[in-house]
Every structure is written in C-alpha cells, then in structure tokens.
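Here is how the chains run, residue by residue.
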Amino acid sequence: MSKSQLDEVIHSFLVEMKRGTMTIIVLTQLQTKQYGYSLLTVLEKKKTGIEAGTLYPLLRRLEKQGLLQSEWDTSESRPRKFYQLSDLGKEVLERIKKEWDLLSNQMDHFLGEVL
Amino acid sequence: MELIERYIYAVTKRLPETQRADVAKELRGNIEDMLSDQPTAKEVEDVLLELGEPSKLAFEYRGKKRYLIGPEYFDQYIHVLKLTCVILAAIGAIGTFIEAYVSHVNENSFEYMFEVFWNIIGSGFNGALHAFAWVTGIFFIFERFDIGFDGKYKRSEWSPLDLPEIPKKVSKPIHRSEIIGDLIGNTIWLGFLLFFLRKDSFIFTIDKSDVNSILAFFNFDHIYNTYFTVLIISALFGIFISILKWMRGYWSYWLASLQTGQYLLSFLILRWMLFDQKIYNSVFFANKNREELHESVRELIKNFGEIQQGIVAVAAIITVCQIVSVFYKAYKNQSK
C-alpha cells in the first residue's frame, strides 16, 4: 500500500471518529451563550479543527433537535444569533459524559492490548 | 459585498422557503464577523472559500446524511428529475392519446373514452416512472464514480467567482399549479375537440321513425381533413410553452411574446373554423324552416350570423386581455 493510500485510509477513520465527537465538543462549549463566530474562534483556539462551514449548520440542527436554544441580539450594530444549551441539552450532555467515560475506559482497555 | 450576497443567495435558494430568511440573516452576520471592517476582495473570497461550496453548505443545513445522490449533484439531480418527469409524462400521455385516436376513429362509446382516459393517465405515470428510474440511475453513476458533467473525473476546485448572479426579484412568478392547470386544460380542450366533434355527436333527430332524417350539424369529414393537423400543432405548441414557463418560472418579455403567438394562433384557428362554411352541414341550413326541428334549433340557425360574430368578439376580447396580462406581468418583472 502506497503512502497516499495509507493516508486516505487513516483520514477516513478520523473523519468517522470526529463526526460524533465534534457535536459533543460543541455542546460543551455552549454552557454559556455564544454566537456563531465567537464559538468558532473559541474552537479554533482549542485546536479542534472544526470548520465554519460545518459549525454554523450544526448549530441550527442542534437547535432544531431541541438541544440548544437561541435568541437574536439586535442591540449591537449587527444582529447576532446567540446559542446556549437548553435544559434538554444540559441533560443530554450529562448523560453523554457518563457514556463517554465508559467508552473511554473500554477503549483504553482495547488499545492497551496493542503492543 | 456583492459577492457575499451572491453566496448567501446560492446557499439559501437550496433550502426550504421557511428557513431562507433566517439562515440568510445568520449567515450574513457570521460572514461579516469573519471579515475585518474594511474587507478587501481577496479577504471576502478567502472567507467564502473557508465556508466552502454553497451546495455543500446548503446540504449541511438541510441535515440529511444518508444519500444515494450526494450534495455535489443533488441540486442538479432534482432539477433534471423534475424536468424529465414532466416531459416524459407528457410524451407518454400525448402518445397514447394520438394512438387511441388514430387507431379507433370510429369508436365513440363512453366506455371506450373512459378506457382511453385511464390509459392516458397510466402512460403519463409510466413516463414519469421511467424518467425517475433513468435519471436516478445516471446520477447514481455520477455520484459513485465522481464524474463531472463535462465528463472529466473529479470536478475542478470550487471558487467564489463561480457564484451565479442573483436573479432580479420577481414580483409575478408563474406558479407550478398554474402551469399544470394549463397542461390539463389543453388536454381536455383537445379531447373535447377530437372526441365530441364526431360523426354522431351534435346530431338532431327530426323524425325518430325515419333514419334518413337524422341531420348532423357539423361536416365532420371536412373538420378532420382540414383541421386535425393544425389543432394538434396548436396543442403541442401550448405544451412546449408550458415547459418553457416551468423552466423560467416567471414572465419575461420573450416568454410573453411566445405566449402571445400561441394566443393569436388559437384565436385565428377559432376564427378560421367558425367562418368556414364547409364545416357546417349544408343540409342542415337548407332545412332551416322545417317544422319538425325544435324551436331553439330554428332560432340558432336564424341568428347564426350574429352568434358567429358574438363568439369571435368574445374570443377577441379574451385574447386581448390575456396578451395584456402576460405583458403586464413581464413588465412588472423586468422593471424591478
């Protein structure tokens, strides 16, 4: 297998892995309210590798699912839509944290078998 | 700034109408946040590139993940699918209609008409189904093998400069329901002409005991020989314009002109037929004083000249109103 083929396989694995974790990361960063760009800069600073084109639609989808609530702030010169965890979102995040601990332990165990 | 609006337009036009305004507002805010206060053209381009291709972004907004046809082709897929379905359904229906008409000229029972009616609906549906299968199949191949529409593998990188112009705000859109209504109306009208103006309709029985005294009002052979082709062409022209209206979606001057051509053609055919004395049965007029005829029929014959004039006058007024109406709509759209 050539190097580029190898990279491609690894890349597709990472995409699969990040797809789920990205949503969780976004939820953790919305315990205080944020608008699209402020959240993007926070995520960039923390080197999450989330892109603007993925983040903005994701926020809307999470709102539609009821995990986030939003409000328009029109007091500034340009109107901004602020997002924050809803009660449902907080509950979901709490549960996911527990599930993640389980999964993480499990994964440590499995990966520990790799020599 | 204009490029940003074009980008927002390219994204939101792919979304359900109820979401458009809100997504546009939010996206505009987000893009402006990503730019400095006095952004250069290069900066704008970079930000749009960062957000990525509009069709992909729109796909993210719609949030549908599992697909046969992916985001790159989805919009074209829907577009081509709609168009092909309409065209193949129309071809199927018209084909069946003409076939039934040509092969069974002498059948005229209601059962037969009913059967033909169902056959027409059936083959229209069949045509649409074929369109669906073929278009989906072809796009599926595009998707799997990542073939671009120019036939090259791998489409070229997306650039903000590829963004289409925002079309002028249209105040008088042509609704799809209106076009479908047109198509149905056209078909029913054609059906009426071809099925009902037959040898054994519009017949007045003078004396039930005497077969020879049955009189037909129209001279059917003449209608078939002279007008069949013209009527078919006129109906096909109408369907052709309906397809153009479907693709365009609003009235422009050239579309209004074409439509005017069709209105005038219909009017001329009507006028031509109405005043063609050969389409009426001359025997009928020769018998206008016969007492056996019902009084209303005698009245009709007596005042026939005026009735002809009246019909033409009403048709002329309707035609003028229709023409003024489409040009007014085109003017409204063009002047925006």
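Residues numbered from 1 in each chain as written. Chains lettered and ligands numbered in written order. Predicted model: local features only at pLDDT ≥ 70, side-chain atom pairs only at ≥ 80, totals over all residues. Heavy atoms only, no water.

## Some words on the overall build of chain B
Convention followed: Numbering of helices and strands runs from the N terminus, with a helix taken as a DSSP run of H or I at least four residues long and a strand as a DSSP run of E at least two residues long. Exposed residues in this analysis have more than 50% of their type's maximum accessible area, buried residues have under 20%, and partly exposed residues fall in between, with area computed by a 1.4 Å probe over protein chains only. Any two residues having at least one pair of non-hydrogen atoms within 4.5 Å are treated as being in contact. Surface accessibility follows the Shrake-Rupley procedure with a 1.4 Å probe radius. Residue values consider only the protein chains on display as shielding.
Within chain B, the regular secondary structure consists of 12 helices and 2 strands. Mapped from its N terminus to its C terminus, chain B presents α and β elements in the order α-α-α-α-α-α-α-β-β-α-α-α-α-α. The burial tally for chain B puts 40% of its 336 residues in the buried class. Contacts in chain B between residues far apart in sequence, at least 24 positions, make up 73% of those at least 6 positions apart. Of the roughly 19700 Å² of accessible surface on chain B, a fraction of 62% belongs to carbon and sulfur atoms.

## A short note on the confidence of the model for chain B
Close reading of the predicted structure is inappropriate where its pLDDT is low. Residues and elements named next belong to chain B. Convention followed: Confidence of the predictor at the level of single residues is given by pLDDT, which spans 0 to 100.
Looking at chain B as a whole, the pLDDT averages 78, with 77% of positions reaching at least 70. Within chain B, the element-level pLDDT minimum falls on strand β1 (residues 203-205), averaging 55, and the maximum on helix α1 (residues 2-12), averaging 90. Across residues 150-154 the pLDDT falls below 50, and counting only partners more than four positions away or on other chains, this stretch makes 6 contacts in the model.

## Digging into the packing of helix α9 (residues 253-274) of chain B against helix α12 (residues 304-334) of chain B
Residues and elements named next belong to chain B. The test is simple: Inter-axis angles, ranging from 0 to 180 degrees, are taken between N-to-C directions of lines fitted to C-alpha atoms, where helices are fitted over the stretch in contact. Here the angle decides the label: under 35 degrees means roughly parallel, over 145 means roughly antiparallel, 65 to 115 means roughly perpendicular, and every other value means oblique. Asp, Glu, Lys and Arg are counted as charged, while Ala, Val, Leu, Ile, Met, Phe, Trp, Tyr, Cys and Pro are counted as nonpolar; the rest, among them Gly, fall into the polar class.
Following both chains from N to C, one finds α9 and α12 inclined at 175°, their axes separated by 9 Å at the closest point. The orientation of α9 with respect to α12, classified from their angle, is roughly antiparallel. Each residue belonging to the contact of α9 with α12 can be placed in one class, and the counts come to 16 nonpolar, 7 polar and 1 charged.

## Topic: the packing of aromatic side chains
Heads up, the rule is: Here the aromatic set is Phe, Tyr and Trp, taking the six-membered ring for Trp, and pairing holds for ring centres within 6.5 Å; pairs whose planes are under 30 degrees apart are stacked, those over 60 apart are edge-to-face, and all others are tilted. Placement of a charge over a ring requires the Lys NZ or Arg CZ to be within 6 Å of the ring centre, with the centre-to-atom vector within 35 degrees of the ring normal.
What the rule picks out here adds up to 8 aromatic pairs over all chains. Between Tyr227(B) and Trp272(B) the ring centres are 5.0 Å apart and the planes differ by 75°, which places this aromatic pair in the edge-to-face class. In this pair, Tyr227(B) sits in helix α8 (residues 220-248) while Trp272(B) sits in helix α9, placing the two residues 45 residues apart along the sequence. Relative accessible area serves as the criterion here: at 43%, Trp272(B) is assigned to the partly exposed category. These aromatic residues form a ring-pair network of at least three members: Phe59(B), Phe74(B), Tyr77(B) and Phe139(B). The ring of Phe82(A) carries Lys33(A) above its face, with NZ or CZ at 5.2 Å from the centroid.

## As for the sheet that holds strand β3 (residues 80-85) of chain A
All names here are of chain A. What counts is decided by this rule: For two strands to count as paired, DSSP must find a minimum of two bridges between them.
Taken together, the 3 strands give an open sheet; going across it, the order is β1-β3-β2, and neighbouring strands pair in antiparallel fashion. Only two strands of the sheet have a single partner each, and these edge strands are β1 (34-35) and β2 (68-73). Note: β2 against β3, 6 bridges, orientation antiparallel. Among the inter-strand pairings, Leu68 is bridged to a residue of β3, identified as Leu85. Strand contacts of helix α3 (residues 52-64): β2 and β3, with the helix running at about 55° to β3, the strand carrying the most contacts.

## Brief notes about the pairing of β3(A)
Across the 6 residues of β3(A), 5 count as buried, placing the element largely inside the fold. Between the end of β2(A) and the start of β3(A), which pair antiparallel, lie 6 residues.

## Examining the interface of chain A and chain B
In many reports, interface size means the accessible area that the parts give up when they come together. Formally: Note: buried area is the sum, over both parts, of the accessible area (probe 1.4 Å) each one loses when the two are combined. Here a salt bridge means any side-chain nitrogen of Lys or Arg lying within 4 Å of a carboxyl oxygen belonging to Asp or Glu. Whenever a nitrogen or oxygen atom comes within 3.5 Å of another N or O atom, the pair is scored as a polar contact, on the condition that within protein one atom can donate a hydrogen and the other can accept it, and that pairs from neighbouring residues in sequence are kept only if both atoms are in side chains.
In this complex, chain A contributes 19 residues to the contact, which on the side of chain B involves 17 residues. The contact between chain A and chain B buries some 1700 Å² in all, and 53% of this surface belongs to carbon and sulfur atoms. Two residues, Arg80(A) and Asp33(B), come together in a salt bridge whose shortest N-O distance is 2.7 Å. Linking chain A with chain B are 9 residue pairs in polar contact (both at pLDDT 80 or more), by the criterion used here. Within the residue set of the side of chain A that touches chain B, elements represented by two or more residues are α2 (36-45), α3 and β3 of chain A. If you tally residues by element for the side of chain A that touches chain B, the top one is α3(A), at 8 residues. Its residues placed into classes, the side of chain A that touches chain B shows 9 nonpolar, 3 polar and 7 charged.

## As for helix α2 (residues 17-34) of chain B
All names here are of chain B. To keep it simple, the criterion reads: Here the expected span of a helix is defined as 1.5 Å times the quantity of residues minus one. Bend is computed residue by residue as the angle between axes fitted to the seven residues ending at the residue and the seven residues starting at it.
With 18 residues, α2 extends 26 Å from end C-alpha to end C-alpha; this agrees with the ideal 26 Å at 1.5 Å per step. The principal kink in α2, of about 25°, is found at Val23. When we look at burial in α2, the residues that qualify are Gln19, Val23, Ala24, Glu26, Leu27, Gly29, Asn30, Ile31, Asp33 and Met34.

## With respect to the pattern of salt bridges
Side-chain pairing between opposite charges can occur once the charged atoms of the two side chains come close. Residues and elements named next belong to chain A. According to the stated counting rule, one finds 17 salt bridges over all chains in the structure shown. Across the pair Glu16 and Arg19 runs a salt bridge whose closest N-O atoms are separated by 3.5 Å. Highlighted residues: Glu16 and Arg19, both in helix α1 (residues 3-28), separated by 3 residues, approximately one helical turn. Judged by relative accessible area, Glu16 falls into the exposed class, the value being 52%.

## Side note on unusual backbone geometry
Unusually for a residue other than glycine, Lys47(A) sits at a positive phi of about 55°. With respect to the element layout, Lys47(A) can be found in the loop between α2 and α3.

## Focus: the packing of α3(A) against helix α4 (residues 54-62) of chain B
Note the following rule: What makes a crossing left-handed is the near helix being turned counterclockwise from the far one by less than a right angle; a clockwise turn instead makes it right-handed.
Between α3(A) and α4(B), whose axes approach to 8 Å, the crossing angle comes to 25°. By the angle between their axes, α3(A) is roughly parallel relative to α4(B). In this structure, the crossing between α3(A) and α4(B) has a hand that is right-handed. Note on element contacts: α4(B) touches α3(A) through Leu57(B), Glu60(B) and Tyr61(B), opposite Gly53(A), Thr54(A), Tyr56(A), Pro57(A), Arg60(A) and Arg61(A). For the contact of α3(A) with α4(B), the residue count by class is 4 nonpolar, 2 polar and 3 charged.

## Considerations on the nonpolar core
For clarity, the threshold we go by: To qualify as a nonpolar core, a set must consist of buried Ala, Val, Leu, Ile, Met, Phe, Trp, Tyr and Cys residues joined through side-chain atoms within 4.5 Å.
Core analysis: the biggest nonpolar cluster contains 41 residues, and Val26(A), Leu55(A), Tyr56(A), Tyr7(B), Leu27(B) and Ile31(B) have the highest contact counts within it. Contributions of two or more residues to this core are made by α1, α2, α3 and β3 of chain A together with α1, α2, α3 (41-51) and α4 of chain B. Filtering out sequence-adjacent residues up to four positions away, Tyr56(A) remains in contact with Gly36(A), Tyr37(A), Leu40(A), Leu27(B), Asn30(B), Met34(B), Leu51(B) and Tyr61(B). By size, the runner-up hydrophobic cluster in this structure holds 16 residues, among which are Leu231(B), Met273(B), Leu274(B) and Val312(B).

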